Amino acid sequence: MNLNDIMQEQLSLSDRFGLSITFINPNKAEYLDIVKKIAADRGLNADEEKLCFKAEQWATRRGGRSPRCAKQFIDFAESCINRGKEW
């Protein structure tokens, strides 16, 4: 797709439905804050230092920091903890 098509599609969604889709790209501090908040919401009892270290590794190996990446990491960590496996 070319840039003009992408722009027209975004404007079309906004005009028709009043929707705007924003994809944020948080910096490291914001990403780790998202990770910690999701972990807290889930009641995940994990060492904060380990949580942040592993979350950063996860983001590095999976193409970058994003809220989706943070959620996927917490899903993984929670699953490991629930099964008694190292994460």
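Refer to the structure printed above.
In this text, all values refer to a predicted model and were calculated from it rather than measured experimentally. (Residues numbered from 1 in each chain as written. Predicted model: local features only at pLDDT ≥ 70, side-chain atom pairs only at ≥ 80, totals over all residues. Heavy atoms only, no water.)

**Concerning the packing of aromatic side chains**
So, step 1. Under the definition given, this model contains three aromatic pairs.
So, step 2. Each ring, one from Phe-73 and one from Trp-87, has its centre 6.0 Å from the other, and the planes form 55°; the classification is tilted. Within this pair, whereas Phe-73 is found in helix H4 (residues 67–83), its partner Trp-87 is found in the segment after H4, the two being separated by 14 residues in sequence.
So, step 3. Members of the aromatic cluster, joined through ring pairs, are Trp-58, Phe-73, Phe-76 and Trp-87.
So, step 4. Between the NZ or CZ atom of Lys-50 and the centre of the ring of Trp-87, over which it lies, the distance is 4.5 Å. (Phe/Tyr/Trp six-rings, centres within 6.5 Å; stacked < 30°, edge-to-face > 60°. Helix = DSSP H or I, 4+ residues; strand = E, 2+ residues; numbered from the N terminus. Lys NZ or Arg CZ within 6 Å of the ring centre and 35° of its normal.)

**Overview of the packing of helix H2 (residues 28–42) against helix H3 (residues 48–61)**
So, step 1. The contact between H2 and H3 brings their axes to 10 Å, and the two run at 120°. Classified by the angle their axes make, H2 and H3 are oblique. By crossing handedness, the relation of H2 to H3 is classed as right-handed. On H3, the residues touching Lys-28, Tyr-31, Leu-32, Val-35, Lys-36 and Ala-39 of H2 are Glu-48, Leu-51, Cys-52, Ala-55, Glu-56, Trp-58 and Ala-59. (Axes fitted to C-alpha atoms, helices over the stretch in contact; angles between N-to-C directions. Parallel < 35°, antiparallel > 145°, perpendicular 65-115°, else oblique. Left-handed = near helix turned anticlockwise from the far one by under 90°. Contact = heavy atoms within 4.5 Å.)

**Re H3**
So, step 1. For H3, with 14 residues, the first-to-last C-alpha span of 20 Å sits near the 20 Å given by 1.5 Å per residue.
So, step 2. Of the positions making up H3, those classed as buried are Leu-51, Cys-52, Ala-55, Glu-56, Trp-58 and Ala-59. Along H3, the residues classed as buried sweep out an arc of 160° about the axis, all on the same side. Of the residues in H3, the exposed ones pointing more than 90 degrees away from the buried face are Glu-49, Phe-53, Thr-60 and Arg-61.
So, step 3. Contacts made by the buried residues of H3 are with H2 and H4.
So, step 4. In the segment just after H3, Gly-63 is the residue with positive phi, at about 90°. (Expected span 1.5 Å × (residues − 1). Buried < 20%, exposed > 50% of the residue type's maximum accessible area, 1.4 Å probe, protein only. Arc of directions from axis to C-beta.)

**Thoughts on the packing of H3 against H4**
So, step 1. Look at H3 against H4: their axes get within 10 Å of each other, and the N-to-C directions meet at 120°. Taken together, the axes of H3 and H4 lie oblique to each other. Crossing of H3 over H4 shows right-handed handedness. Residues Leu-51, Lys-54, Ala-55, Trp-58 and Ala-59 of H3 form the contact with H4, whose participating residues are Cys-69, Gln-72, Phe-73, Ile-74 and Phe-76.
So, step 2. Residue composition of the contact of H3 with H4, by class: eight nonpolar, one polar and one charged. (Nonpolar A, V, L, I, M, F, W, Y, C, P; charged D, E, K, R; others polar.)

By themselves, these observations are geometric and do not establish any function.
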